[in-house]
Amino acid sequence: MQVLVRDNNVDQALRVLKKKMQREDLFREMKERRAYEKPSERRVREKAQAISRQRKAVRKKLQREGLISGPRPTATR
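Residues numbered from 1 in each chain as written. Predicted model: local features only at pLDDT ≥ 70, side-chain atom pairs only at ≥ 80, totals over all residues. Heavy atoms only, no water.

**Some remarks on the environment of Gln12**
(1) Moving on: Positionally, Gln12 belongs in helix H1 (residues 10-23).
(2) Moving on: Distance from Gln12 to Met1, taken between C-alpha atoms, is 16 Å for residues 11 residues apart in sequence. (Helix = DSSP H or I, 4+ residues; strand = E, 2+ residues; numbered from the N terminus.)

**Topic: the packing of H1 against helix H2 (residues 26-33)**
(1) Moving on: Contact pair H1 / H2: the axes reach a minimum separation of 5 Å and the direction vectors enclose 70°. Here H1 is positioned roughly perpendicular relative to H2, judged by the angle of their axes. Side by side, H1 and H2 meet where Lys18, Met21 and Gln22 of the first sit next to Leu26, Phe27 and Met30 of the second.
(2) Moving on: Of the residues that constitute the contact of H1 with H2, the class distribution is four nonpolar, one polar and one charged. (Axes fitted to C-alpha atoms, helices over the stretch in contact; angles between N-to-C directions. Parallel < 35°, antiparallel > 145°, perpendicular 65-115°, else oblique. Contact = heavy atoms within 4.5 Å. Nonpolar A, V, L, I, M, F, W, Y, C, P; charged D, E, K, R; others polar.)

**Observations concerning the pattern of salt bridges**
(1) Moving on: Taken as a whole and judged by the stated rule, the model has five salt bridges.
(2) Moving on: With its nearest N and O atoms 3.3 Å apart, the salt bridge here joins Asp25 to Arg28.
(3) Moving on: Judged by its relative accessible area of 36%, Asp25 falls in the partly exposed class.
(4) Moving on: For Arg28, a relative accessible area of 44% puts it in the partly exposed group.
(5) Moving on: The salt bridge partner of Glu37 is Arg45, with a shortest N-O separation of 2.9 Å.
(6) Moving on: The class for Glu37 is partly exposed, based on a relative accessible area of 24%.
(7) Moving on: Overall, Arg45 belongs to the partly exposed group, its relative accessible area being 23%. (Salt bridge = Lys/Arg side-chain N within 4 Å of Asp/Glu carboxyl O. Buried < 20%, exposed > 50% of the residue type's maximum accessible area, 1.4 Å probe, protein only.)

**Some thoughts on unusual backbone geometry**
Both trends apply: most residues other than glycine have a negative phi, and most peptide bonds are in trans.
(1) Moving on: The backbone of Asp7 shows a phi angle near 50°, a positive value even though the residue is not glycine.
(2) Moving on: By secondary structure assignment, the location of Asp7 is in the segment before H1.

**Side note on a positive patch on the surface**
(1) Moving on: A contiguous patch of positive charge on the surface is contributed by Lys56, Arg59, Lys60, Lys61 and Arg64.
(2) Moving on: As for its placement among the helices and strands, Lys60 is situated in helix H3 (residues 39-65).
(3) Moving on: We classify Lys60 as partly exposed; its relative accessible area is 43%. (Patch = residues over 30% accessible without salt bridge, like charges linked within 9 Å, V, L, I, M, F, W, Y side chains within 5 Å. Areas by Shrake-Rupley, 256 points an atom, 1.4 Å probe, with all protein chains shown as cover. Lys, Arg positive; Asp, Glu negative; His and termini not counted. Charge placed at Lys NZ, Arg CZ, Asp CG, Glu CD.)

Shown next as structure tokens:
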């Protein structure tokens, strides 16, 4: 992964790097690899993630077809 530093602006380059890492799920992967995960726990986690992905896909499909409303708007103060 490579980030260009323009005009010695390291803060901006760090922000860009963090965004890239977050897009590629590197932070989640690092967190998962911190400690050993038993194979049974891994299967449970992966199954839960698959169910979540499936529900999200169905929800998006229904939203596109107009059968359910879109995401709830956030409350503004």
